[in-house]
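An overview of the molecular structure
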Amino acid sequence: MAREDLLLAPESLQALIAGLGDLGVVFGPQAAPGLAQVRSRLEAARDAQKAGDTAGAIDGITSAMRTL
């Protein structure tokens, strides 16, 4: 399996999105705006992946991780 296949597995993106709530507890309420941006970018990446846009999905994940 290619690295991109593992990265773009729908369950991987869902796990990243779901785990953001835990990060909010750790980072505190001041992190809420940044975590909301990360969530939005990961959701966009998930949508791009579902649409078959691999490059867009990887760009979205990369952008989210840079923001994080």
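Predicted, not measured: the structure shown is a model, and the values here were computed from it.

**Considering helix H3 (residues 32–50)**
In this model H3 runs 27 Å from its N-terminal to its C-terminal C-alpha over 19 residues, within 8% of the 27 Å that 1.5 Å per residue would give. Taken residue by residue, H3 has Leu35, Val38, Leu42, Ala45, Arg46 and Ala48 as its buried positions. Buried residues in H3, looked at end-on, bunch into an arc of 160 degrees, giving them a common side. For H3, exposure combined with an orientation more than 90 degrees from the buried face picks out Pro33 and Lys50. Positive backbone phi, at 85 degrees, marks Gly52, one or two positions downstream of H3.

Here is what the cut-offs are and how they apply
All residue numbers refer to position in the chain's written sequence, counted from 1. A pLDDT threshold of at least 70 governs which residues receive local features in this predicted model, and a stricter bar of 80 or more applies before side-chain atom pairs are shown or counted, although totals over entire chains, interfaces and linings include all residues. Calculation of side-chain values draws on the structure's entire complement of heavy atoms; hydrogens and water are dropped beforehand. Segments assigned H or I by DSSP are reported as helices when at least four residues long, segments assigned E as strands when at least two residues long, and all are numbered from the N terminus. For a helix, the expected span equals 1.5 Å multiplied by the number of residues minus one. Partly exposed residues are those whose accessible area sits between 20% and 50% of the maximum for their type, while under 20% is buried and over 50% is exposed, using a 1.4 Å probe and protein chains only. What the arc covers is the set of directions going from the helix axis to the C-beta atoms.

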